[in-house]
Structure formats: structure tokens, C-alpha cells
Amino acid sequence: MLTKFETKSNRVKGLSFHSKRPWILASLHSGVIQLWDYRMGTLIDRFDEHDGPVRGVHFHKSQPLFVSGGDDYKIKVWNYKTCRCLFTLLGHLDYIRTVQFHHEHPWIVSASDDQTIRIWNWQSRTCISVLTGHNHYVMCASFHPKEDLVVSASLDQTIRVWDITALKKKTASPGDDLLRLSQMNTDLFGGVDAVVKYVLEGHDRGVNWAAFHHTLPLIVSGADDRQVKLWRMNDTKAWEVDTLRGHMNNVSCVMFHAKQDIIVSNSEDKSIRVWDATKRTGIQTFRREHDRFWILASHPEMNLLAAGHDSGMIVFKLERERPAFAVSSDLIFYTKERFLRCYEFSSQRDTQVIPIRRPGSTGLNQCPKTLSYSPTENAVLICSDVDGGSYELYVIAKDTASRGDGVQEAKRGAGGSAVFVARNRFAVLDKSSNQVLVKNLKNEIVKKSGLPFPADAIFYAGTGNLLCRSEDRVYIFDLQQRLVLGDLQTPFIKYVVWSNDMESVALLSKHAIVIAGKKLLHQCTLHETIRVKSGAWDDNGVFIYTTLNHIKYCLPNGDNGIIRTLDVPIYITKVAGNTIFCLDRDGKNRAIVIDSTEYMFKLSLLKKRYDHVMSMIRNSQLCGQAMIAYLQQKGFPEVALHFVKDERTRFNLALESGNIQIAVASAKEIDEKDHWYRLGVEALRQGNAGIVEYAYQRTKNFERLSFLYLITGNMDKLNKMLKIAEVKNDVMGQFHNALYLGDVRERIKILENAGHLPLAYITASAHGLQDVAERLEVELGDSLPSLPERKQPSLLMPPMPVMCGSDWPLLRVMKGIFEGGLDNVGKGTADEEEEEAEGDWGEELDMVDVNGLANGDVTAIMEDGEVGEENEEGGWDLEDLELPPEAETPRASVNARSVVFVAPTPGMPVSQIWTQRSSLAAEHAAAGNFDTAMRLLSRQLGIRNFTPLQSMFLDLHTGSHTYLRAFPSASVVSLAVERGWSESASPNVRGPPALAFNFSQLEEKLKAGYRATTAGKFTEALRLFLSILHTIPLVVVESRREVDEVKELIIIVKEYVVGMQMELKRREIKDNPVRQQELAAYFTHCNLQMPHLRLALQNAMNVCYKAKNLATAGNFARRLLETNPTIENQARTARQVLQAAERNMIDASELNYDFRNPFVICGATYVPIYRGQKDVSCPYCSSRFVPSQEGQLCTVCDLAVVGADASGLLCSPSQVR
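Named according to an unreviewed UniProt entry, the chain is Coatomer subunit alpha originating from Rhodamnia argentea. What UniProt states about the chain under its Subunit (unreviewed entry) heading is, verbatim, "Oligomeric complex that consists of at least the alpha, beta, beta', gamma, delta, epsilon and zeta subunits."

### Looking at the pairing of strand 54 (residues 579-584)
For strand 54, the tally of buried residues reaches 5 of 6 residues, placing the bulk of the element in the interior. As paired elements, strand 53 (residues 570-576) and strand 54 share 6 bridges and run antiparallel to each other. Looking at the pairing, Ile 570 lines up with Asp 584 of strand 54. Judged from the 5 bridges that link them, strand 54 and strand 55 (residues 589-593) form a sheet pairing that is antiparallel. Pairing of Phe 581 across the sheet is with Ala 591, part of strand 55. Hairpin geometry of strand 54 and strand 55 is characterised by an intervening segment of 4 residues between the two adjacent antiparallel strands and by a positive phi of about 80° at Gly 587.

### Some remarks on the pattern of salt bridges
Two side chains carrying opposite charge are able to pair once their charged atoms lie near each other. Applying the stated rule across the entire model yields 40 salt bridges. Connected through shared salt-bridge partners, Glu 6, Lys 8, Arg 288 and Asp 291 make up one network.

### Description of a nonpolar patch on the surface
A cluster of nonpolar side chains, namely Leu 684, Phe 707 and Ile 711, defines an oily patch on the protein surface of about 260 Å² accessible area. Structurally, Leu 684 is set in helix 9 (residues 673-686).

### Re the packing of helix 28 (residues 1090-1106) against helix 29 (residues 1110-1122)
Contact geometry for helix 28 and helix 29: axes closest at 8 Å, N-to-C directions at 160°. Relative to helix 29, the element helix 28 is oriented roughly antiparallel. Judged by the sense of rotation from one axis to the other, the crossing of helix 28 with helix 29 is left-handed. Where helix 28 abuts helix 29, its residues Leu 1093, Arg 1094, Leu 1097, Gln 1098, Ala 1100, Met 1101, Cys 1104 and Tyr 1105 lie against Leu 1110, Thr 1112, Ala 1113, Phe 1116, Ala 1117, Arg 1119 and Leu 1120. Along the lines of polarity and charge, the residues of the contact of helix 28 with helix 29 split into 11 nonpolar, 2 polar and 2 charged.

### Comments concerning the environment of Tyr 1082
Examined against the element boundaries, Tyr 1082 turns out to sit in helix 27 (residues 1073-1083). Looking at Tyr 1082, the relative accessible area reads 0%, which means it is buried. Considered as a pair, Tyr 1082 and Asn 1152 are 70 residues apart in the sequence and their alpha carbons are 9.9 Å apart. Look past the residues within four positions of Tyr 1082 in its chain and what remains in contact with it is Met 1062, Arg 1075, Asn 1152, Tyr 1153, Phe 1159, Ile 1161, Tyr 1166, Val 1167 and Pro 1168.

### Section: the confidence of the model for the chain
Considering every residue of the chain, the mean pLDDT works out to 82; 86% of them sit at 70 or more. Here residues 821-899 scores under 50 on pLDDT; set against residues more than four positions off or in separate chains, the count is 41 contacts.

### Here we look at the nonpolar core
One finds Leu 937, Phe 1025, Leu 1029, Ile 1032, Tyr 1180, Cys 1181 and Cys 1197 to be the most contacted residues of the largest nonpolar core, which totals 89 residues. Among the elements that make up this core, the one with the highest residue count is helix 26 (residues 1040-1068) (10 residues). Leu 15, Trp 209, Leu 218 and Val 254 belong to the second largest nonpolar core, which has 58 residues in total.

### Description of the pairing of strand 38 (residues 425-430)
Across a regular strand the side chains alternate sides, sitting on one face of the sheet and then on the other. The pairing of strand 37 (residues 418-422) with strand 38 spans 4 bridges and is antiparallel. Paired with Phe 420 across the bridge in strand 38 is Phe 426. The antiparallel hairpin formed by strand 37 and strand 38 contains 2 residues in its connecting segment. Bridging between strand 38 and strand 39 (residues 435-440) involves 6 bridges; their strand directions are antiparallel. Across the sheet, residue Val 428 finds its bridge partner in strand 39, namely Leu 437. Between strand 38 and the antiparallel strand that follows it, strand 39, lie 4 residues; Asn 434 among them carries a positive phi value of about 50°.

### Description of the side chain of Gln 1189
Mapped onto the secondary structure, Gln 1189 falls in the loop between strand 61 (1184-1185) and helix 31 (1213-1216). Overall, the relative accessible area of 17% leaves Gln 1189 in the buried class. Beyond its immediate sequence surroundings of up to four residues, Gln 1189 is in contact with Ala 1164, Thr 1165 and Val 1202.

### Some thoughts on the sheet that holds strand 51 (residues 550-554)
What the 4 strands build is an open sheet, ordered 49-50-51-52; its pairing is antiparallel. At either margin of the open sheet sits one strand with a lone partner, and together these are strand 49 (532-537) and strand 52 (560-565). Strand after strand, the sheet turns through a mean of 25° between neighbouring axes, direction not considered. Two elements, strand 50 (residues 543-547) and strand 51, share 4 bridges in a ladder whose sense is antiparallel. In the strand pairing of strand 51, Ile 544 is matched with Tyr 553. Sheet contacts for helix 3 (residues 597-606): strand 50, strand 51 and strand 52; angle to strand 51, the most-contacted strand, approximately 10°.

### Observations concerning the sheet that holds strand 23 (residues 262-267)
Spatially, the 4 strands line up as an open sheet ordered 22-23-24-25, and their pairing is antiparallel. Where the open sheet ends on each side, the last strands, each with one partner, are strand 22 (251-256) and strand 25 (281-287). Across the sheet, the axes of successive neighbouring strands diverge by a mean angle of 20°, strand direction being ignored. Where strand 22 and strand 23 come together, 5 bridges link them in antiparallel fashion. Counterpart to Met 255 in the pairing with strand 23 is Val 264.

### Some remarks on the packing of aromatic side chains
In the structure shown here, the tally under the stated rule is 32 aromatic pairs. Ring centres of Trp 23 and Tyr 80 lie 5.3 Å apart, and the angle between their planes is 85°; on these two criteria the pair is classed as edge-to-face. One end of the pair, Trp 23, is in strand 3 (residues 23-28); the other, Tyr 80, is in the loop between strand 8 (75-79) and strand 9 (84-89), and 57 residues separate them in sequence. Judged on exposure class, the residue Trp 23 and its partner Tyr 80 are both buried. Note on Phe 101 and Trp 122: the rings are 6.1 Å apart at their centroids and 85° apart in plane angle, and the pair reads as edge-to-face. Here the residue Phe 101 occupies a position in strand 10 (residues 96-101), and Trp 122 occupies one in the loop between strand 12 (116-121) and strand 13 (126-132), the gap between them amounting to 21 residues. Each of the two residues, Phe 101 as well as Trp 122, counts as buried. Here the aromatic cluster, defined as three or more aromatic residues joined through ring pairs, consists of Trp 23, Phe 47, Phe 59, Phe 66, Trp 78 and Tyr 80.

### Some words on the environment of Ser 960
Looking at where Ser 960 falls in the secondary structure, it is placed in the loop between helix 23 (950-959) and strand 56 (961-964). The buried category is assigned to Ser 960, whose relative accessible area is 0%. With 19 residues separating them along the chain, Ser 960 and Arg 979 place their C-alpha atoms 8.7 Å apart. If sequence neighbours within four positions are ignored, Ser 960 has contacts with Trp 914, Ala 926, Leu 975, Ala 976, Val 977, Pro 993 and Ala 994.

### Focus on the environment of Ser 347
For Ser 347, the location among the structural elements is in the loop between strand 31 (339-344) and strand 32 (349-355). Separated by 17 residues in the primary sequence, Ser 347 and Asp 330 place their C-alpha atoms 9.4 Å from one another.

Rules behind the numbers
Residues numbered from 1 in each chain as written. Predicted model: local features only at pLDDT ≥ 70, side-chain atom pairs only at ≥ 80, totals over all residues. Heavy atoms only, no water. UniProt positions renumbered as here; feature names shortened; annotations may be inferred. Buried < 20%, exposed > 50% of the residue type's maximum accessible area, 1.4 Å probe, protein only. Helix = DSSP H or I, 4+ residues; strand = E, 2+ residues; numbered from the N terminus. Pairing = 2+ DSSP bridges. Salt bridge = Lys/Arg side-chain N within 4 Å of Asp/Glu carboxyl O. Patch = residues over 30% accessible without salt bridge, like charges linked within 9 Å, V, L, I, M, F, W, Y side chains within 5 Å. Areas by Shrake-Rupley, 256 points an atom, 1.4 Å probe, with all protein chains shown as cover. Axes fitted to C-alpha atoms, helices over the stretch in contact; angles between N-to-C directions. Parallel < 35°, antiparallel > 145°, perpendicular 65-115°, else oblique. Left-handed = near helix turned anticlockwise from the far one by under 90°. Contact = heavy atoms within 4.5 Å. Nonpolar A, V, L, I, M, F, W, Y, C, P; charged D, E, K, R; others polar. pLDDT = per-residue confidence, 0-100. Core = buried A, V, L, I, M, F, W, Y, C linked by side-chain atoms within 4.5 Å. Phe/Tyr/Trp six-rings, centres within 6.5 Å; stacked < 30°, edge-to-face > 60°.

As C-alpha cells, this is what we get:
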């Protein structure tokens, strides 16, 4: 059973499939009718007007109607489009068990516990016939699919077949008077519309269900005697053919399968059983744990069944319908019924090749699942679920004359997954031993390869390679080398589709598609709500796939879309240009022509084939909001502009693409404040002062206008703004404009008028306007504010703008392919461009200096004598040139410039060159790419805590750059400083960055750390050693020998850091002498320099001796003497302690310390980890820790995470080469 959909609800008593849409009605014991979309798995609607259980429900074949019957004795007819009950049919006197529409006439048949069957006309809304004869509840009644018959089943243990021919004649309009007369007689004296044709007796208990066969004169019934009976009928009689026994409780429902020769029944014994209708034997049983089954329904056109039970319903198929197929260049081999067939794409010729299954071997789920073809040997490998998974190997005769004649005996073997891996070799997965068996065409094992991972299926992945599926991963396995070439985490994969060049693979699961490279390098993942069915690659690298109801595409970057909808599911076999070849569920080959314009357009954009894009825009009907949104999202708003007519959308796209002219035109059409404001912002960004001014004027945004005039130096208009503010009585506006103008008298006047006399007085005094200050002093009297002493006031004047009045200069570039591509190219001539240039250089740069002289009038300034000394050098030596006549000057260059001038390409920033060339974190940090530097350190050394490195990152960045100021209002120019630069170096070749830290600095720090340790300054020593540990990841050395020295330095410093930390911890502990002795003892096992080891041993010896642990103190004394101490005092003390210990070899307290057993110290808990015990280490400093510290931050280096995966220290370009 292949379950397609399942619901959880109250007990389901009635079910009905819609004939066209993927809908199913379920009527519940609670009185609710649910309408489900079984393809999407969603509840569409619910109808709850019935009072009590609803036992029967049925969709009309063609109208938007369904009928329901319930325990409230009512039959209701509903319109599912308007979601309401149209009318109710009343007449039954007890529970209604089933209702059904007639396939042609406007009739409904209903069965009831009132022992009658009624036929209703739903158009006239009347009961047109009552069928009486049963003497117990009638459990079901249904029309024959073709003939004028009704079958009913009752608890009176009988099945009745009723002939309703007379009813049909009665409802047909009478053609002549004689018929009309007989009709009147019938109406007056009561005619018999329906007569009992047969009464079938044979069940020992009440019959719950009876159903006709779709085409044959057969009836099947199920009853409370736990039996399913098969009946045959002819024109005169009906008789029992056979009884199917197997159910353990009442049989609730039974029916013939529409497509196959089988009977399906369900029962209160919690099972669904499938029977062979010809052999009358059970084929398969499906059970549920706790739920009794009540009802079955079959889809009128598709191979779908549904069953209702105590806690919901299931929609299912009995068998897969996907034909097994394999494509080989122009051929497809596929299975249909019991034959292997071959279809040629080019000629569309279909031929039968060989029979593949012995006649009579039909069974559920025994059809071929996969097919693999070897073109050189003309061999086919077919896998199925027969006998728990097996394969059959057929070698097809080359000559076509012998094809399709005799039955060829196949070579068989166990294994549900088999595939060709070479010309005459195929691989079979043996799940029991998890190994792949490679066999030849004689079915002999040639090689066995154990898989290093659990696999449940194998697929082809190129010659000699297999793609193996496990539960949540796929692997590519090389059978020759027995190596895993790549792996990828995926949902459960059902199908694998390779591109023609074997460079890309699509992995299809139930609801997802994963696109990957040939070594399973992930490219993109698509998720679908509806089931994915099949797929194939087209010649352009686009993956075309089908879901249950769509053909869709997926581009290499993961963008996808719908090509067209489908009525029925298909399985794509090949894509050739605009034609999709596919197989349907009946095994028929079909060719579907599609419109590939949309995805080819997107692919051309993706691959930057702009000539294709342009021709498509001109020649195809590409439009719609989805395409516009796509172009915007991908950064091509200027392309989208060509599709759009709506002004608001045009405005947004024009702003996004920086096309101010179109934006202005659209803003005028829209004329809304928000759009003018946004236009102003974009125009300001481009330095187009004229449009900014126009936009602000349209929105009356006076504050912004004033500021615009200030930064563009337009004093005349600032004066106008001052007057406007005065008219509007905007005091703050007046004050700001006066401030921008540097007009002190105006500011004082404004402050006076606003009543701020103290501020007005201070302003007048500070700016030396004594007459105004004296007048205000009189007015203020005693409340005169004091001025600061010894301060020199200065007039606050706004600085002169760099660009005065005109727009910012823009680089003249060639029109983009999309901007000019659709206009008439070459409209403007060279002359027009030159005129425009003259205008730009002449009028708009008409800056005025302090004395009111035009910028261009240089001679006036010179004659004025104000330039003085500057003039003595002779200024610029600009003499007239003796040029040849103008006619001889070639104008081709100007013309060329106007058409094909190409903007100078910007160079690559040095920082980008540094990061592209290097895998060293220090060089990335120097380039300012802190993010990639952190990622590199995390990957190489497992570093997660970057706080200690923050200042070093900044030092590296600032140290590798120097900064120049051009002039005050311009931004600072940054210059890169390169390592090992020389004057002879080529200016075009960039060296690596100069770094602030080097190895020699670390050696100096190490010596300082040693000195501090000797002096007993442990806090200072710890700071120095930690500083070395924090700097090493950001040091770069040149040679391999230096790399080894850096790694050695890490080990040395790590030992000292652990030792210092333990010693400082020991000094903090006052009340625990045992722990003090342990820490002093562990310190002696750090790998220290000899003078420091002697000091540590002397320290441990003293601590233990004082605590009366003489034996342990004696051990330290012995170790100290073995080092041959040069200081006599050390040696003497050690000898004395050793003598005392030898006299009394006891310890007062037991320590967690065994010097005979080699150990390392945990860097976090400071306990010994003896040889053989489990431990974890820091990936950077290699300090060891107890297993509980895994995942914690290393307490030694304070950078890396304990136990993290890391590739190792990378500190030299020589490691990368």
C-alpha cells in the first residue's frame, strides 16, 4: 500500500472522490462533512448542518454539487462553490445509510433504515420512486454504472437487484398520444417504476454492502458473516460464484477495482484485504492497530482508493504507476505490462522488444521498479520487489527480426538495487552484508566491495562509480579505489538524474530537489509542497522537472518557476529544445511542446549573455509582475523599465537603476509628496542639484532647500529663503537662514523680535556691534548677562563649498546595453555633444569670489594687484600654440567617443588582492576583512573567542595602511603599505601587506616572560605569555623552518601559562593545604626551563615539608639534586630534606598525585590525567582537558573551543604552495 494522504478526525462513515479535482469528501460520525485536497494535504472546507452522524456522501460527476444523507432523516444537496446547502429532501423515516447521484439522469438513490430505497429527482426536488421489499435496514444502494439497474444490500441477509427501466421511460418525454395516455393511466392507478429483478440469498447474517462490476455482469457483497461473496447474473437469473473467506469480523464495505482484476474489502477486524477476482484468493492484507474500517471509495478515473476508519481516513494506491525506464542517447527502454519496449525519440517509433514476465505472475507491487541499460552490450537490468527484492538480466539480440518473439530466460539474482557500472559489469547491493557485488553478464561475481556506510539503494554515477543512498545522506563511491569521493546530506532520495555531461546531478526526494556537482558539491535545494515526480536536464544546464500538476524549471542558481500545468502526472524522459518527451501512467510516450522563453531569458541574464536578453525583449511577450520582481531582485531594474507602463512601478524602477530623467517624468504624473521626497534623495545622491531643488520646491520642504543652497553656495537663494521664512513667520527658519548667511545683524533682529534679549546682547557684543549692544544694555538693565573673559570672539561663517552652484561632474560613459539598447541608437551627433560640453564648462561653473569677480575673469584679478607675490613666479606658462588649420584636424576620434567611449575600468582595491591571494588570517585582517580572518582562524585553529584579538586586528589593519590628506574638504586617501617593497619592484605587481607583528617580537616577549618568572612576578609573566599565545595566530613567517619554530613556541608558552595559572591559584587558596601541595606538585611536571624547574621543585619541596608530607618532599628533593643545581643554597636545603625524609618516609595527608605514573595536567580543573585515561585537547594550544570540558572555551589560550575540529596553524605562504 502506498499511502498518499491521511487525516485524523472523528469516525469516517462516508467518502467520495471528485472526478476532476484532487478533492475528497469525508462525512463524519460527528455530523461534519470535510472537503480535503489530498494532493496538498489541506482542509478546504467543512459543512456542518446535519444533526447527528452523516453516513453517506457523493460528488456529482459534472456539476459543482454533492449530496449527503444523515441520521437526521435528511438528504441535503450542496453547492461546494457557494459553500451552502441548496435544499433538503425529506421523506425517509429513519437513518439514511447511503446516497448516490446517477451518472446521467438528475437522480439520487438513497438507502435507509426505514427498509426502503428512494429515488429522487434533484432538479424537480421530488421523490420519483420508492423501492420496497427489504424487511430490515437497507445498508446500501447504488446505480449500475451503465445499465438501468440498482443493487441494494440489507440486514435481512439478502441482496436485491432492481430494474428501473420503467422509471427511465417514465421520465423520458412521451412522443405520441398513445404513450401519453399510458403515462396518465400509470399516474392515476399507480404503476410500478422499479421491479425486483433478482433476490440473492446466501449470506448467513445481515449484508452490509453490495456493488456492481464496472463492465462485467458481476456483483460483490460483504456481510456480518465475515464473508465476501461473488455473484454472477444474466438476463434471467443470478447465482453465487464463490466465497472469499479471511476477515475476522463484520465486512463493512467491498468493491471491484476499476483498473485491475481485483476485489478490495474492509472490515471491522481493522484490516483492508485485496483479493484476486479471477483466482478468488487473497493477495494482500493491510492492518491498522486500533481502528475499525467502515467505508471504501475508489476514484472514478485515477488509480486511487480511500478508506474511512475510527480515527480518520487514508487515501492510498495499491501499486506504483511509474513505468521503469532508462534513456540512452536517442532511445528509451521502458516496461509496459509484461513487455520491455523501445521508443526512438527522433522518429517517435515505438517497438516491443521482449516479454519480461511469465504470464500469470501478476501480484501487487511486483512490477519493475528500476531499469538500467548497457548500450554496448545491449543488455537490460530490471529490478523489482519480487521475493523481497530481485533483479533480472536480459541480453537483447542485436537483429531486430528476433525481437519480441520468444520468451528469453533471464538471469536472476537477489537484490532490489542493481545498476550497470561499466560496459559489461553491473553492481548489486547486498543489504544484509552492506556490500556491493560487481557481476559480469554471466551473472558471476567478479568483485566484492564493502561499503564504509550503511546503504539501502545504489544509482549510476559514471563509469566505475556508484551513488549510494543511506537514510539522510548520499555518497559517491569509487568501486576501483574503494573510496568515498563525496557525500551530501539530503532528504530521503527517490530518483537520481545526471546531466548529459555528467557534471551535475539532480537528487529527487518526495518534496525536494537537491542540485549538486559531480563530486556532490551542493549547488541549491528546492522545496515543493506538491510531490516531485520526475525530471531531466536540457541542453543549457536547466533542470526541467514535474510535480503532480506542474512542469517546472530550476536554473543553476536555484531560481525556479512554472512552465505549464498538467492534467495528469507525467514522467519526463528527455528534454530536446522546446519539446519534452515523457511517459504517462499508462506507459504511453508523449511529446509536449513548451514555451522556454521565461527560463531562457533568466538563464541569459544569469550567464550575462546580454545580446540574447536584448533580442528576447524585442521579440517576445515577456511581461507580468513576477518578471518585473525577478529583474528587480536580480539587480536589473533598467531591464524591467522596458516592460512597465504603470507610473508608480516605473518610478520605483527608475530610482533603483538611477535613471533620474524617467523618475522625474513619473513623479510629475504621480505628483505625490512621498515620491517627490524620494526623487530628491536620489538626485542628491547623484549630485543633481537642479532636480533636488525642484523636488524640494514641489514639496515645500524649506529646511532642506535652505541646506541645499548652503552646501551649493547659492547665497542669493538663501536670502530669498530668509524672506520666505519671514513671511511664514517661521522664527527657527529665519534664524537658521541668517546663520547660514553669516548675517549677524539679521540674527540679532530675530532674537530681539522673539524676546531673547540676553542672547541678542551677547551676539551683538561678541561680534563688535557696540551701538546695538549699548541699546540692548539699556533695555536689559539689571539682568545684563556676563560675557566670558579673555576669549577672542570670531564671526561664524559657513565655509565655501567645493562645488558651487552647479551639478556634480559626472563621468561620461557609454550607454549601457539596456539603457540605450531599445532606443534608436546614434540619434545624437558629435556636434550636439560638444555644444553640451561648452554649456557645462561655461555658465554653470560661474562661481563668484569674495569681491564679486567672476571665476573666469582672471585678468581682472591680476591687474588689481591683489595677487602680489604669487605673480612673481610667472604663473602657468600658457602660450598660444601654433596649430594647423581646423580642416586638417581629424574628427573621427570625437565621433568615436560619442558612440563607443568606454569608461576606464576601476582597478582592484589592494585589500581585495591581498584577500584573494592569501589564506593567512593576518593578511585578511590587514586588508580590513575581519570577517574572513575570523572564519579562517575558526577553521584552522577552532578559535571562537575573538575578544582578545580585537585590538590586534585593528593594529594590523592600521599598520598596513598609511593615510594622506589631499585638501581639507576632501576625504582622506588610504595607501597600502606592502611587505618587502623595493624601488625596483614592478608597480603593477602587489606584494603582501606589511604586518605589525613579527616572530622576533615574540622572542623578545618570551625572554621578558622568562625574566619575570625568575623574579617571581607570576602575574606579569602570565600576561606576557598569554600575549604571545594571542599574537601567534596573527604572525606570518617565510620559511618552513620558521613555521616549526612558531609551533614549538606555542608548546613552550602553553606549558608556562598552565604553570603560572596553577601557581597563582595555589597562592589564592589559604584554607586547603592538601590542594596547595597538589598544585605545587603539578607545577613541577610542566615542561619548564631548567632554572625555573629547579625553583618549582624547591617550592613544592618546601610546601610539602611544611605540611609534614615528608615522603613526597623527599621525592622533590631527589629530583632537584638530579638537576645538579648551581646555587649551593638550593642543593644544601635539598640534601637536608632528603635526609629527614629517609629517616621518616611517611606522608601526613594523602594527595591526588602519583609521580611514578606519567600524566598531563588538565588546563581547566588542574587535576592529573594519567596515561590511558580519556582526554580532549585544545585545537590551537594543544592543552589537555578532562572529557567534561569538551565544547568549553580553552582556559589556557582563552581563544579556541576544546575538542573542536581544526585544520591546523597556517602562518606562512610556504605552507600553501
